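Chain and residue survey
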There are 2 protein chains.
Amino acid sequence: MKRKKKIPRPVIRRLPKYHRYLKEFLIDDVDRISSKKLGVRSGFTANQIRQDLNWFGELGQPGLGYNVKELLNKISRILGLGEKYKMIIIGAGNVGQAIASYIDFQVLNFKLVGIFDANPKIIGLKIQDITVEGIDQLVSFLKVTPIDIGIICTTTNNAQMVADTLVDNGIIGIWNFSSVDLEVEEETVLENVNLNQSLLTLRCLMNHRTYL
Amino acid sequence: MKRKKKIPRPVIRRLPKYHRYLKEFLIDDVDRISSKKLGVRSGFTANQIRQDLNWFGELGQPGLGYNVKELLNKISRILGLGEKYKMIIIGAGNVGQAIASYIDFQVLNFKLVGIFDANPKIIGLKIQDITVEGIDQLVSFLKVTPIDIGIICTTTNNAQMVADTLVDNGIIGIWNFSSVDLEVEEETVLENVNLNQSLLTLRCLMNHRTYL
């Protein structure tokens, strides 16, 4: 069996950026693009870009650069942009509501299909045309609706329990907005967004800015 | 003149985490802690922790570990937790409102003192006891109120213009929630939170999870 190449995580992390800039070039009717030009737009060095894009086969030609459309299609496939991932939000407080309203799921080809909360005052509210359901409905919901990604926006106390429930019920992707370092099995894909930590980093860098 | 040691950015990024766990140990009345124990709690290796904490002088003793309180105080000082930073939010849509409500500014010793928006429907609203002001009031506000951090929650189209205005008016820290790669001078400290990119990374990792 042919095994796919193992693309390193830092490369994966740069792909959405390449994708965004290539799309801009395509909209501007640019057919071919050099790594240098892509570097100027994206802030990476031409060398870095060439190394990264080498993972996707022989797409560049010396002196001619990359075919914008071809490269964009490759990256889109790797990013899974052709597939629609189904998501639910657990915790419909400020963060959960902001995520539901802010992310342009449609454009990114995600589908938000459920929102759950434990607070009786929030259960029954409509957010983006989705009625918030009680957390006690979560397991029975997951039994009949296959979900790809669970977005955890609960309090820190409940985050691990919710994560366990999601993983036990077949969810493989977790987008974690709680400030807890979740423990999940290796097969689960976990992406953390820790806003408090980001803010403290900003302050620390400001505090030390003359020395960095 | 004695120059402070230049702590590398990745070390700085781990400090809020060390801070959090040390605080937990302090609350649990733990006096001294080994790098191994701190590693078990924080998920870093003992070696990594020792290397990181070495930046703060000779705090650890072989066989005795670190003095929890002393280390916590050092890290707090470096994180600037003693100083109160003043912040404003620009863009009071879903994200701006979520940030205003979600971040426990008080606990982290930040002070949110202003919220600005261009939308007449939003101007005048009260969010966390702060009345949203028109964006046309921003410059005159900054002339009389020194602000440390500007939180950019505007649309992508306006983000760079807003960043320029903030920097021109003395703000040195920018917390950027727009998906634009802002261009700022070197002295400005920029911390990006790109939620779309984080979500695309998650999908990409899921898409490739058998190979990563």
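Residues numbered from 1 in each chain as written. Chains lettered and ligands numbered in written order. Predicted model: local features only at pLDDT ≥ 70, side-chain atom pairs only at ≥ 80, totals over all residues. Heavy atoms only, no water.

What about the interface of chain B and chain A?
Chain B puts 64 residues into the contact, and the matching count from chain A is 64 residues. Between chain B and chain A, a total of about 6400 Å² is buried, with carbon and sulfur atoms accounting for 65% of that surface. Along the contact surface separating chain B from chain A lie four salt bridges. Applying the counting rule to chain B against chain A returns 14 residue pairs in polar contact (both at pLDDT 80 or more). At the level of secondary structure, the elements contributing two or more residues to the side of chain B that touches chain A comprise helix H1 (9-27), helix H4 (68-78), strand S4 (85-90), helix H5 (94-102), strand S10 (173-176), strand S11 (189-192) and helix H8 (195-207) of chain B. Take the side of chain B that touches chain A: its biggest share by element is 13 residues, from H8(B). A breakdown of the residues in the side of chain B that touches chain A according to their chemical character gives 34 nonpolar, 14 polar and 16 charged. (Contact = heavy atoms within 4.5 Å. Buried area = accessible area lost by both parts, 1.4 Å probe. Salt bridge = Lys/Arg side-chain N within 4 Å of Asp/Glu carboxyl O. Polar contact = N/O pair within 3.5 Å; in protein donor to acceptor, adjacent residues only side chain to side chain. Helix = DSSP H or I, 4+ residues; strand = E, 2+ residues; numbered from the N terminus. Nonpolar A, V, L, I, M, F, W, Y, C, P; charged D, E, K, R; others polar.)

Details of the packing of aromatic side chains
Inspection of every chain in the model, using the stated rule, returns eight aromatic pairs over all chains. For the pair Tyr85(A) and Phe110(A), a centre-to-centre distance of 6.4 Å together with 35 degrees between the ring planes defines the contact as tilted. Placement of the pair is Tyr85(A) in strand S4 (residues 85-90) and Phe110(A) in strand S5 (residues 110-117), with a sequence separation of 25 residues. Accessibility expressed as a relative area gives 7% for Tyr85(A), which makes it buried. Both rings, one in Tyr18(B) and one in Phe44(B), keep their centres 5.5 Å apart while their planes meet at 65 degrees; by these two values the pair is edge-to-face. Placement of the pair is Tyr18(B) in helix H1 and Phe44(B) in the loop between helix H2 (35-42) and helix H3 (46-53), with a sequence separation of 26 residues. (Phe/Tyr/Trp six-rings, centres within 6.5 Å; stacked < 30°, edge-to-face > 60°. Buried < 20%, exposed > 50% of the residue type's maximum accessible area, 1.4 Å probe, protein only.)

Observations concerning the nonpolar core
Ile99(A), Ile151(A), Trp175(A), Ile99(B) and Trp175(B) are the most contacted members of the largest nonpolar core, which has 104 residues in total. Listed in part, the 18 residues of the second largest apolar core include Leu138(B), Phe141(B), Ile152(B) and Leu166(B). (Core = buried A, V, L, I, M, F, W, Y, C linked by side-chain atoms within 4.5 Å.)

A word on the environment of Ser76(A)
Residues and elements named next belong to chain A. Secondary-structure assignment places Ser-76 in helix H4 (residues 68-78). Accessibility expressed as a relative area gives 17% for Ser-76, which makes it buried. The spacing of Ser-76 and Leu-53 is 23 residues in sequence and 13 Å in space, taken between C-alpha atoms. Contacts of Ser-76, omitting those with residues within four sequence positions, involve His-19, Leu-81 and Gly-82. There is a polar contact of 3.1 Å between the side chain of Ser-76 and the side chain of His-19.

Points about the packing of helix H2 (residues 35-42) of chain A against helix H3 (residues 46-53) of chain A
Residue and element names in this part refer to chain A. At their nearest, the axes of H2 and H3 sit 8 Å apart, and the two run at 110 degrees to each other. One finds that H2 runs roughly perpendicular with respect to H3. Viewed along their axes, H2 and H3 form a crossing whose handedness is right-handed. Packed against H2, whose contacting residues are Ser-35, Lys-36, Leu-38, Gly-39 and Ser-42, the element H3 presents Ala-46, Ile-49, Arg-50 and Leu-53 at the interface. When its residues are assigned to classes, the contact of H2 with H3 shows four nonpolar, three polar and two charged. (Axes fitted to C-alpha atoms, helices over the stretch in contact; angles between N-to-C directions. Parallel < 35°, antiparallel > 145°, perpendicular 65-115°, else oblique. Left-handed = near helix turned anticlockwise from the far one by under 90°.)

What to know about the confidence of the model for chain A
All names here are of chain A. With 94% of its residues at a pLDDT of at least 70, chain A reaches an overall mean of 86. Per-element confidence in chain A is highest for strand S8 (residues 133-134), whose mean pLDDT is 97, and lowest for strand S2 (residues 60-61), whose mean pLDDT is 71. The ipTM, which scores confidence in the relative placement of chains, is 0.76 for this predicted complex, and the corresponding pTM is 0.73. (pLDDT = per-residue confidence, 0-100.)

So, the pattern of salt bridges
In this structure the tally under the stated criterion is 10 salt bridges over all chains. With a shortest N-O distance of 3.6 Å, Asp181(B) and Arg20(A) are connected by a salt bridge. You can see Asp181(B) sitting in the loop between S10 and S11 and its partner Arg20(A) sitting in helix H1 (residues 9-27), one on each of two chains. When its relative accessible area of 25% is taken as the criterion, Asp181(B) is described as partly exposed. On the accessibility criterion, Arg20(A) (23% relative accessible area) is partly exposed. A salt bridge links Arg41(A) to Glu24(A); the nearest nitrogen and oxygen atoms lie 2.7 Å apart. On the criterion of sequence distance, the pair formed by Arg41(A) in helix H2 and Glu24(A) in helix H1 is long-range, its members being 17 residues apart.

Some remarks on the sheet that holds S10(B)
Residues and elements named next belong to chain B. A sheet is described by the order of its strands in space; here six strands give the open sequence S8-S5-S4-S9-S10-S11, paired in parallel fashion. In this open sheet, the two strands that pair with only one neighbour each are strand S8 (133-134) and S11. Taken together, the four bridges between strand S9 (residues 149-152) and S10 define a ladder with parallel strand orientation. Bridged to Ile-151 within S10 is Trp-175. The strands that H5 touches are S4, strand S5 (110-117), S9 and S10; relative to S4, the one it contacts most, it runs at about 155 degrees. (Pairing = 2+ DSSP bridges.)

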